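Spelled out from the first residue to the last, the chains are:
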Amino acid sequence: MSLSLTMAWRNLGRNRRRSAITGSAVAFALFFAISLRSFQLGIYEHMVDTLVGGISGYIQVSDSAYWPAQNIDLAIPENPQWKKTLENDNRIKSVRPRLSGFALLSSQKESSVARWMGVDFELEDTAFWKNRLRSGTFNPSLKKNIPVWLGKRLAEGLNVDIGDTIVGLGQGYHGSMANDLLIVAGTLALGNPELEKRAAVLKFKDAQEFSGAYGMWGSVLITPYEKEKSLSLSSQLSSELKLEGASWSSWEERMPELKQLIQADSAGGVIVLFILYTVISFGLLGTMIMLASERRREFTMQIALGVKRSILAKMILIEAFFVGIFGSIVGIILGRSLAYYLHLNPPRLIGDAALAMENMGWEPILPPSLDWSITFTHTAIVICIVLLVSLWPVLTVYKSSAINR
Amino acid sequence: MFFRIVFFFTLILSNLSLNGQDPVSILQKAEKASQQIPSYSEIEIISERPRYSRKIKLRNWSLNNNYSIVEISSPKRDSGMVYMKAGKKLFTYSPKTDRIIKLPSSMLAQGWMGTDAQFDNILGAASLSKDFNHELKLPVDVNNESCHFIRCVPLPETTVAHDHIDAFINKQNGTISRLEVYNKKGALIQQIDFLEYKIIDGIQLPVSLKFSAKKGTQNTELKILSWKKKPDLKQAFFTESTMKNLGP
């Protein structure tokens, strides 16, 4: 071990209170930064996940004319081979074909327009659908009729319960009728009130049968492992894994308003963090100035004894780095555990705020993000700040003369 | 000046009536050539779309313009679907769901089964000679035949959603050559060409029609495969229970 490292390590233990104060300032800063940012980004993730993940897809492949009308006539033919190549791609988490259209659902005297969606449960994230099932089952024992899972508000509106029969009537594929009896097999809580009022989920094969679009996909939803890279991945994949007549789009292209909302809101969060870091930086600078003036005599003596100034400067930087690391570890542990705890038990909004959120289309919960990149970014920022403010004692080392005092 | 114009128009109008070219009688004669006879027919419809074409076969029982039943016999997926117009009411029956649904009569002016034919065209339309005001215009050539050009504006009590219909009637044999339907904005929404007439069962009938919409990018051809008189058809036939039990 080099001399400066040994000295730095011993110095940390020499005045434990001072080290603890500096470290806790770092820990405090990081704790706040992590929890604040986790919350903010978590809300966006939650928003995107409910609006994009389950329903329209991070990346969607569909006929070039499919958006925005989403007409069932513009379905694309099934292509199992292409799907297989996608599934084997290590950037892609899941590939899920969907088929959807609009129909009038009626039961007794109630009727309601619904958007039916053919979903292949075997290919889907089972947890996603299981978590959303409010009543009923995904494996109904029906022989002849088509089972349907209704959004819970749609089921309430139609006044139907599990096992009831409803009539579906709508436009089918290429001029045929989508007309059949559907048996309610369950109700779904989809986290978006508008969806819950409109969505009727069918099994994929049943949806093809219902609409007459045999052997067709309406669109294919692709979830990448790195969801935040959907946009670049979408254009990358579209050239690598071409599908005739189809175009690829990421959710940012299909829902620019959501993306913009997130960007605008996120900028506000960054400003708050900037203020937090400014305050913390001055706090740290204070402890560093204190440290420098406290140890001025020590430095002078060491210089007089013949220790090079550069070794002392190195020692101080290493000390600061250690303090930063220890403080960060404590801050990370605190911040992450709070985020993790709240991720498992997300705080639920009540009252008007909840209503506003529901109206905007998502469940009123605030689950923090568990993205490690938040932790790493802010740890790096905090350690940089610590090193920056430790330049003050370094400067002191160079300014102290060997003979004074 | 004003009087001169009035005089000029009077001259034209009197000239027209002198020739015996009364639009009502032309239309009456043209309409007599089709549809108003109780009949049973089998019809084939081919709709051409930019992306696909689709063929449907129908069976049709028709008493007159107001009473008509249509059953789809092919393709298999939709076979058994029944549409009925009884007076001003419109019903549809689906064997899959075993339900009869009453449709709003405004649907009469909408595309039928993804074709360019409207419910009106399939289930019997309003009568051009009875339910419209007429205005005779200068003759034009349509489908290489010289035709009378009559603009028909619906009477206030006529339940159609169009602004006016331009009828082109063949001068030689007095049959309809083309109908052009305009909406309230003055845009052509549907064009029907009567491509071929045949005498079946002693009646002259249009056996091949072409419906075009969206400026000709899509069209539907309707062909009468067979047609026969059904004098025993009564209004009592057009009931909901008949819809369910049409038989083979």
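Residues numbered from 1 in each chain as written. Chains lettered and ligands numbered in written order. Predicted model: local features only at pLDDT ≥ 70, side-chain atom pairs only at ≥ 80, totals over all residues.

1. What about the overall build of chain B?
Phase 1 of the analysis: For chain B, the count of helices and strands is 4 helices and 13 strands.
Phase 2 of the analysis: Here the contacts in chain B between residues at least 6 apart in sequence split such that 46% fall between residues at least 24 apart. (Helix = DSSP H or I, 4+ residues; strand = E, 2+ residues; numbered from the N terminus. Contact = placed C-beta atoms within 7 Å.)

2. Here's the deal with the overall build of chain A
Phase 1 of the analysis: Regarding its fold elements, chain A presents 15 helices and 12 strands.
Phase 2 of the analysis: In summary, chain A has a C-alpha radius of gyration of 30 Å against a globular reference of 22 Å for 405 residues, an excess of more than 25%.
Phase 3 of the analysis: Taken over the C-alpha atoms alone, chain A extends approximately 100 × 50 × 35 Å along its principal axes.
Phase 4 of the analysis: The 405 residues of chain A split such that 41% are buried.
Phase 5 of the analysis: A fraction of 82% describes how many contacts in chain A between residues 6 or more apart in sequence connect residues 24 or more apart. (Rg over C-alpha atoms; globule rule 2.2 N^0.38 Å. Buried ≥ 20, exposed ≤ 12 C-beta atoms within 10 Å, placed from the backbone.)

3. So, the interface of chain A and chain B
Phase 1 of the analysis: Tallying the contact residues gives 11 residues for chain A and 15 residues for chain B.
Phase 2 of the analysis: Elements supplying a minimum of two residues to the side of chain A that touches chain B: strand 7 (165-171) and strand 8 (177-188) of chain A.
Phase 3 of the analysis: No other element matches strand 8 of chain A, which puts 4 residues into the side of chain A that touches chain B.

4. Re the packing of helix 10 (residues 256-294) of chain A against helix 15 (residues 391-399) of chain A
Residue and element names in this part refer to chain A.
Phase 1 of the analysis: Remark: helix 10 packs on helix 15, axes separated minimally by 8 Å, with the N-to-C direction vectors making an angle of 25°. With respect to their mutual orientation, helix 10 and helix 15 come out roughly parallel. In this structure, helix 10 crosses over helix 15, and the sense of that crossing is right-handed. Counting all contacts with helix 10, which are made through L285, M288, I289, L291 and A292, the residues of helix 15 involved are W392, P393 and T396. (Axes fitted to C-alpha atoms, helices over the stretch in contact; angles between N-to-C directions. Parallel < 35°, antiparallel > 145°, perpendicular 65-115°, else oblique. Left-handed = near helix turned anticlockwise from the far one by under 90°.)

5. A word on helix 2 (residues 16-56) of chain A
Residue and element names in this part refer to chain A.
Phase 1 of the analysis: For helix 2, spanning 41 residues, the distance from its first C-alpha to its last is 56 Å, which sits close to the expected 60 Å at 1.5 Å a residue.
Phase 2 of the analysis: The sharpest bend along helix 2 comes to roughly 40°, located at D49.
Phase 3 of the analysis: Remark: G57 follows helix 2 within two positions and exhibits a positive phi of approximately 90°. (Expected span 1.5 Å × (residues − 1). Bend = angle between axes of the 7 residues up to and from the residue.)

6. Here's the deal with the domain arrangement of chain A
Residue and element names in this part refer to chain A.
Phase 1 of the analysis: Taken domain by domain, chain A consists of domain 1 (3-51 + 258-399) and domain 2 (67-217).
Phase 2 of the analysis: The C-alpha centroid of domain 2 is placed 47 Å from the C-alpha centroid of domain 1.
Phase 3 of the analysis: Of the residues in the side of domain 1 that touches domain 2, the class split is 2 nonpolar, 2 polar and 2 charged. (Domains from an automatic or database assignment. Nonpolar A, V, L, I, M, F, W, Y, C, P; charged D, E, K, R; others polar.)

7. With respect to the pairing of strand 5 (residues 89-94) of chain B
All names here are of chain B.
Phase 1 of the analysis: The pairing of strand 4 (residues 82-86) with strand 5 spans 5 bridges and is classified as antiparallel. Each bridged residue has a counterpart across the sheet, and for Y83 the counterpart in strand 5 is T92.
Phase 2 of the analysis: Joining the antiparallel neighbours strand 4 and strand 5 is a turn of 2 residues, in which G87 adopts a positive phi near 65°.
Phase 3 of the analysis: In terms of strand pairing, strand 5 meets strand 6 (residues 99-103) through 5 bridges, oriented antiparallel. Bridge pairing in strand 6 places S94 opposite R99.
Phase 4 of the analysis: The antiparallel pairing of strand 5 with strand 6 creates a hairpin that spans 4 residues between the two strands, and D98 there sits at a positive phi of about 55°. (Pairing = 2+ DSSP bridges.)

8. Here's the deal with the pairing of strand 1 (residues 39-48) of chain B
Residues and elements named next belong to chain B.
Phase 1 of the analysis: The pairing of strand 1 with strand 2 (residues 53-62) spans 10 bridges and is antiparallel. Opposite E44, over in strand 2, you have K57 as the bridge partner.
Phase 2 of the analysis: Hairpin connection from strand 1 to strand 2: 4 residues lie between these consecutive antiparallel strands.
Phase 3 of the analysis: In this sheet, strand 13 (residues 218-229) lies alongside strand 1 in antiparallel orientation, the contact comprising 10 bridges. Counterpart to I43 in the pairing with strand 13 is I224.

9. What about the environment of A187(B)?
Phase 1 of the analysis: Along the chain, A187(B) falls in the loop between strand 10 (176-182) and strand 11 (188-200).
Phase 2 of the analysis: Separated by 82 residues in sequence, A187(B) and S105(B) have C-alpha atoms that sit 22 Å apart.

10. Some points on the packing of helix 12 (residues 309-344) of chain A against helix 14 (residues 372-389) of chain A
Residue and element names in this part refer to chain A.
Phase 1 of the analysis: Their axes nearest at 9 Å, the elements helix 12 and helix 14 cross at an angle of 150°. Relative to helix 14, the element helix 12 is oriented roughly antiparallel. You can see that helix 12 and helix 14 cross each other, and the crossing is right-handed. For the pair helix 12 and helix 14, the contacting residues are L317, A320, F321, V323, G324, S328, I332 and R336 in the first and T375, T379, V382, I383, V386 and L387 in the second.
Phase 2 of the analysis: Classifying every residue of the contact of helix 12 with helix 14 by side-chain character gives 9 nonpolar, 4 polar and 1 charged.

11. Regarding unusual backbone geometry
Phase 1 of the analysis: The omega torsion of the bond from W67(A) to P68(A) falls at 0°, within 30 degrees of zero and hence cis.
Phase 2 of the analysis: Topologically, P68(A) is positioned in the loop between strand 1 (59-63) and strand 2 (76-77).
Phase 3 of the analysis: Put simply, S74(B) and P75(B) share a cis peptide bond, and its omega is 5°.
Phase 4 of the analysis: Tracing the backbone through its elements, the reader meets P75(B) in the loop between strand 3 (67-74) and strand 4.
Phase 5 of the analysis: In this structure, D201(B) takes a positive phi of about 55° despite not being glycine.
Phase 6 of the analysis: Mapped onto the secondary structure, D201(B) falls in the loop between strand 11 and strand 12 (203-213).

12. Focus on the nonpolar core
Phase 1 of the analysis: Formed by 98 residues in total, the largest nonpolar core has its most connected members in V148(A), A199(A), A200(A), V201(A) and A167(B).
Phase 2 of the analysis: Shared between two domains, this core holds at least three residues of each, these being domain 1 (3-51 + 258-399) and domain 2 (67-217) of chain A.
Phase 3 of the analysis: The residues contacting A200(A), other than those within four sequence positions of it, are L105(A), A114(A), W116(A), V148(A), L150(A) and L154(A).
Phase 4 of the analysis: Counting 34 residues, the second-largest nonpolar core is a separate cluster that includes M7(A), I280(A), L284(A) and V397(A). (Core = buried A, V, L, I, M, F, W, Y, C linked by C-beta atoms within 7 Å.)

13. Some words on the environment of K230(B)
All names here are of chain B.
Phase 1 of the analysis: Tracing the backbone shows K230 in the loop between strand 13 and helix 4 (240-244).
Phase 2 of the analysis: On the neighbour-count criterion, K230 (16 C-beta atoms within 10 Å) is partly exposed.
Phase 3 of the analysis: Measuring from C-alpha to C-alpha, the distance between K230 and I72 comes to 19 Å, with 158 residues separating the pair along the chain.

14. A few points about the confidence of the model for chain B
Interpreting fine coordinate detail is not advised for predicted regions of low pLDDT.
Residue and element names in this part refer to chain B.
Phase 1 of the analysis: Scored by pLDDT, chain B has a mean of 79; 81% of the residues are at 70 or more.
Phase 2 of the analysis: Segment residues 6-19: pLDDT under 50, and 3 contacts once partners within four positions in sequence are set aside and those in other chains are kept.
Phase 3 of the analysis: Two summary scores accompany this predicted model of the complex, namely pTM at 0.73 and ipTM at 0.71. (pLDDT = per-residue confidence, 0-100.)

15. Considerations on the environment of V307(A)
Phase 1 of the analysis: Along the chain, V307(A) falls in the loop between helix 11 (296-304) and helix 12.
Phase 2 of the analysis: Each C-alpha atom, one on V307(A) and one on S107(A), is 90 Å from the other, the two residues being 200 residues apart in sequence.

16. Describing helix 15 of chain A
Residue and element names in this part refer to chain A.
Phase 1 of the analysis: Every buried residue of helix 15 is listed here: P393, V394, T396 and V397. Down the axis of helix 15, the smallest arc covering the buried residues is 155°, so these residues share one side. The exposed set on the far side of helix 15, more than 90 degrees from its buried face, consists of Y398 and K399.
Phase 2 of the analysis: Lining the buried residues of helix 15 we find helix 10, helix 11 and helix 12. (Arc of directions from axis to C-beta.)

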